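Each chain, letter by letter, is given below.
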Amino acid sequence: MRRVRWCATALAVALLVTGCTGDDRGGFRSGAADAGDPYVPGAGNGGYDVGHYALDVRYDPGDDRLTGTATVTATATEALSRFQLDLAGLDVDRVRVDGEPAKHRHDDAELVVTPAHGLPSGRRFTVEVTYGGVPKPLPNEVLGDGGFHHTPDGAIALGQPESASTWYPVNDHPSDKATYDIAITVPDGLAALSNGVPKGRTSSGGRTTWRWSEGSPMASYLTTLVIGDYRVTSGTHAGRPLVTAVASALPADGPAAASVARTGEVADFLAARFGPYPFDAYGGVVVADDRIRYALETQSRPVYGPGFFRGGPNTEVVAHELAHQWFGDSVSVARWSDIWLNEGFATYAEWLWAEHDGGRTVARTVADRYATTDWTRPTVDPGRAGMFGDAVYQRGALAVHALRRAVGDDTFYRILRGWLAQHRDGNATTADFVGYAERTAGRPLRALLDAWLVGATPPGLP
């Protein structure tokens, strides 16, 4: 993610903790109501692993009301007497577990579900939740509000590190990735955009249902819902669907449209360096709402705030968010303290693209960033308030360049391509990356990377 004022958005991940909290019932216990990640206290849950979400939602901008049915398919990772889903600000009408009515209650932003029978460890089960209400963003004084925003012509559901729980029940932590089918019903004439491959649309009774499917595992914060008056362009690129959309309030021939029109070209440039594009669809959405002051790498279809294009075409932000499709989306962090694995590499990809596209050379950018970087805050584990700061983005990208200079281009790109292939569709940590880089390069690299990522004084410019 990138913020308009060169303060990119962060992308990061936490370890799923499956601790228990009392409530013994014949050997079954309650799953943890928190993923155990201090960067997002209260987010995520333990005791189960989600495999798939089937979401069927209906939204009317006139009264700002959303109703939906979420069918969550999961596997118990411990013997569960009850479990939690994250759901903020919406009312639950009914919950069924494996087709049977289940007891449920709301505890702040937690939906607590008690099935009629305990769920043994290893058991695959299905939860169906019927819910509705007027969605609202999640307030966060440190990281900024994320989630569902009502707009004059529709809505935007977006945000990092949390947003999904404002429009559907979810295990809202990147360590529990899942596949998705999403159906969105809106008044005729409005677009309803989401992640993945378009599966068509049908109209009836003055409403249109748009269907999307993401068949690769996706972290919940990477899901999006954009509803409103948009110019939608559909085509194909490299044999995959490419869907872009630009808010009708923005000029049809303006810099935003010109920038996202190069999505396929930028993706091909990155694929030549990182390996095959990891998803079944390409795309991008430009919104016109000034509350969205960032761009976010929502899987297969990044969303861009309008501020990025006020100075003219900006394909560098497109390169940043598309690079996240490999670094952050396909290979997601296992805990948010390692967010540099997303943002450092995406920022460096931005520098690579700028040089390729006739802009500043990487060497010039490195020299400029090196001179202005604050070395007092570490890149790894920068603290919750530092998740989206320069230590993660700029210092992280400098560490990537230092690695490149240390091992040479051939080995550097072999490390990146191998790393992405080995961890595709999964989660990883900084320690995982350092270990893989050392094995691939055939030499110690920990001291070098420690100096660039956590050292308190600047290393020599490579």
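Look up: the structure comes first, before these words.
Residues numbered from 1 in each chain as written. Predicted model: local features only at pLDDT ≥ 70, side-chain atom pairs only at ≥ 80, totals over all residues. Heavy atoms only, no water.

Peer 1: Honestly, the packing of aromatic side chains in this entry has me stumped. Any pointers?
Peer 2: To describe a pair of aromatic rings, you give the distance between the ring centres and the angle between the ring planes. Using the criterion set out here, one finds 27 aromatic pairs in the structure. Note on Tyr-370 and Trp-452: the rings are 6.2 Å apart at their centroids and 50° apart in plane angle, and the pair reads as tilted. Of this pair, Tyr-370 sits in helix 5 (residues 362–372) while Trp-452 sits in helix 9 (residues 446–453), and the two are 82 residues apart along the sequence. Counting every residue linked through ring pairs, the aromatic cluster contains Phe-274, Tyr-277, Phe-279, Tyr-282, Trp-326, Phe-327, Trp-340, Phe-345, Trp-419, Phe-433 and Tyr-436. When the ring centre of Trp-210 is taken as origin, the NZ or CZ atom of Arg-201, which lies over that ring, is 3.9 Å away. (Phe/Tyr/Trp six-rings, centres within 6.5 Å; stacked < 30°, edge-to-face > 60°. Helix = DSSP H or I, 4+ residues; strand = E, 2+ residues; numbered from the N terminus. Lys NZ or Arg CZ within 6 Å of the ring centre and 35° of its normal.)

Peer 1: What's the story with the side chain of Asp-338 in this structure? I'm lost.
Peer 2: Structurally, Asp-338 can be placed in the loop between strand 24 (332–333) and helix 4 (340–356). Taking relative accessible area as the criterion, Asp-338 reaches 1% and is therefore assigned buried. Setting aside anything within four residues of it in sequence, one finds Asp-338 in contact with Val-333, Val-380, Thr-429 and Thr-430. (Buried < 20%, exposed > 50% of the residue type's maximum accessible area, 1.4 Å probe, protein only. Contact = heavy atoms within 4.5 Å.)

Peer 1: Help me out: how do you make sense of the pairing of strand 21 (residues 282–286) in this one?
Peer 2: Side-chain direction in a regular strand flips from residue to residue, so the side chains alternate between the two faces of the sheet. Buried residues dominate strand 21, accounting for five of its five residues. Alternating residues of strand 21 divide into Tyr-282, Gly-284 and Val-286 and Gly-283 and Val-285, and every residue in both groups is buried. Note that strand 20 (residues 240–247) and strand 21 share five bridges and pair parallel. In the sheet register, Val-243 faces strand 21, and the bridge partner there is Gly-283. With two bridges joining them, strand 21 and strand 23 (residues 303–304) adopt parallel strand pairing. Looking at strand 23, one finds that Val-286 is bridged to Tyr-304. (Pairing = 2+ DSSP bridges.)

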